Amino acid sequence: MSDILIGLVPALGWGVQGIVMQKVGGRTANKQMGMVLTTFVVAVAVLIIRPPSANAWTASLILAALLNGIPWALGQILQIRSFELMGVSRAMPISTGTQLLGTTLVGVLFFHEWKNGWQFGVGLPALLLLVIGVWMTTFREKGAETGEIDNASNIKKGFSILLLSSLAFVFYATAGLIFKVDALDLLFPQAVVMVITTIIIAYMQSKKGEATDREVGVFGKKSWANMLTGICFAAANLTMLISVQRNGAAVGWTLSQMNVIVATLGGLLILEERKTKKELIYVLSGLALVAIGGVLIGVTKN
């Protein structure tokens, strides 16, 4: 039971994360810089409190950090951009569904995390419920555009971006398992890779003069303000690494993706992203299916 509870902490952290970053504001790069700066501080603290053993710094650990940190940085900045194009309440369910399919397939096919027939009997219908639930949360009533995030062109662009983002997140979620490295040993080199990759992406995105802007530059006020977003991510990231190690990729990542419930409801209630009555019925019904599917996936751990 404790392993399952640990697996649900990332769901809360990542669910709140998108809401906080939209409230704080700033450009895409500011939002991500705030997240990685906080993550780096937490990683340094963990390094001091629990230093790795002398033989922990292996080539496998460094390679795992690269295959974990670089895809995360790319996947996260694409996801943040999709929030701006589609809104949190629409983007998160799509992101969740595609990530769940990818990580579960990797966990089951490559790491053989489902060994018994009953696990497939429970897990496959659960995945079907998740997919249907996610589809329902993305329902859009024809002719019900209520603003820029309902623009058909933005939704199409956002969906394409989310597919690339989810592919990157699958690498992020499973890299530690590929190399069988300790989650806490991985945290610091992972954070270093995330920071460096994000800085490179941020400067590549910035136009001349924008990189040093006091408000929205790469290290501007909005980046530091988004360290609040980073607190949500750092808590989720740390417990996610532990959860995947203790629960496996299929279960650990699936439990974490219950963030779709927090994020979607937060987008509707806190960010006030508008939905028609019919769309709201679809969203709430879809979230119920996602919750049921997530619980069933958790059962496959036993």
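Residues numbered from 1 in each chain as written. Predicted model: local features only at pLDDT ≥ 70, side-chain atom pairs only at ≥ 80, totals over all residues. Heavy atoms only, no water.

Visitor: In this structure, what is going on with the overall build of the protein? I would like to understand it.
Guide: Counting secondary structure elements, the protein contains twelve helices and zero strands. Moving toward the C terminus, one meets the helices and strands of the protein in the order α-α-α-α-α-α-α-α-α-α-α-α. Radius of gyration (C-alpha) of the protein: 19 Å, near the 19 Å computed for a compact globule of 302 residues. Considering the protein as a whole, with its 302 residues, one finds that 53% of them fall into the buried category. Sequence separation of 24 or more characterises 85% of the internal contacts of the protein that already satisfy a separation of 6 or more. Summed over all atoms, the accessible surface of the protein reaches about 13,400 Å², with 70% contributed by carbon and sulfur. Of note, the protein has its 23 positive side-chain charges centred 2 Å away from the centre of its 15 negative side-chain charges. (Helix = DSSP H or I, 4+ residues; strand = E, 2+ residues; numbered from the N terminus. Rg over C-alpha atoms; globule rule 2.2 N^0.38 Å. Buried < 20%, exposed > 50% of the residue type's maximum accessible area, 1.4 Å probe, protein only. Contact = heavy atoms within 4.5 Å. Areas by Shrake-Rupley, 256 points an atom, 1.4 Å probe, with all protein chains shown as cover. Lys, Arg positive; Asp, Glu negative; His and termini not counted. Charge placed at Lys NZ, Arg CZ, Asp CG, Glu CD.)

Visitor: Sorry, what's going on with the pattern of salt bridges here?
Guide: One side chain can pair with another of opposite charge once the charged atoms of both are near each other. Throughout the structure, instances matching the rule amount to four salt bridges. Between Arg50 and Asp185 there is a salt bridge; the shortest N-O distance is 2.6 Å. Residue Arg50 is located in the loop between helix H2 (28-49) and helix H3 (59-86), and its partner Asp185 is located in helix H7 (residues 183-205); the two are separated by 135 residues in the primary sequence. Glu84 is the partner of Arg81 in a salt bridge, and the nearest nitrogen-oxygen pair spans 3.2 Å. With a gap of three residues between them, Arg81 and Glu84 both fall in helix H3, about one helical turn apart. Residue classification places Glu84 among the partly exposed residues on the basis of a relative accessible area of 23%. (Salt bridge = Lys/Arg side-chain N within 4 Å of Asp/Glu carboxyl O.)

Visitor: For this particular structure, what's the right way to read a nonpolar patch on the surface?
Guide: Taken together, the side chains of Trp57, Ile62, Leu63, Leu66, Leu67, Ile70 and Leu74 present a nonpolar region at the surface, about 560 Å² in accessible area. Along the chain, the position of Ile62 falls in helix H3. (Patch = residues over 30% accessible without salt bridge, like charges linked within 9 Å, V, L, I, M, F, W, Y side chains within 5 Å.)

Visitor: Which parts of the structure should I look at to understand the packing of aromatic side chains?
Guide: For any pair of aromatic rings, geometry is given as the distance between the ring centres together with the angle between the planes. The full count for this structure, using the stated rule, is six aromatic pairs. Centroid distance Trp114 to Phe120: 5.6 Å. Interplanar angle 85 degrees. Geometry classified as edge-to-face. Using a relative accessible area of 5% as the deciding quantity, one classes Trp114 as buried. You can call Phe120 partly exposed: its relative accessible area is 33%. Among the aromatic residues, those joined into a ring-pair cluster are Trp14, Trp72 and Phe233. (Phe/Tyr/Trp six-rings, centres within 6.5 Å; stacked < 30°, edge-to-face > 60°.)

Visitor: Explanation requested: the nonpolar core in the structure shown.
Guide: Note on soluble globular proteins: their nonpolar side chains tend to be buried together. Trp14, Trp72, Met86, Tyr172, Phe233 and Trp253 are the most contacted members of the largest nonpolar core, which totals 35 residues. Listing elements by their share of this core, those giving two or more residues are helix H1 (2-24), H2, H3, helix H4 (88-111), helix H6 (152-179), H7 and helix H9 (227-247). Sequence-distant contacts of Trp72, defined by excluding residues within four places in its chain, comprise Gln32, Met35, Val36, Phe169, Tyr172, Met194, Thr198 and Phe233. Judged by nonpolar contacts, the second largest core, of 17 residues, contains Leu100, Val260, Val283 and Leu287. (Core = buried A, V, L, I, M, F, W, Y, C linked by side-chain atoms within 4.5 Å.)

Visitor: Whenever I open this one, H3 confuses me. Can you help?
Guide: Residues spaced three or four apart along an α-helix point in a common direction, a consequence of the helix completing one turn every 3.6 residues. Over its 28 residues, H3 runs 40 Å from end to end, which matches the ideal 40 Å to within 8%, given 1.5 Å per residue. At the C-terminal side of H3, Gly87 shows a positive phi close to 90 degrees. (Expected span 1.5 Å × (residues − 1).)

Visitor: What is the right way to read unusual backbone geometry from this model?
Guide: If a residue is not glycine, its phi is most likely negative; likewise, a peptide bond is most likely trans. One non-glycine residue, Glu272, lies in the positive phi region at around 55 degrees. Along the chain, the position of Glu272 falls in the loop between helix H11 (259-269) and helix H12 (277-299). Residue class for Glu272 comes out exposed when judged on its relative accessible area of 63%.

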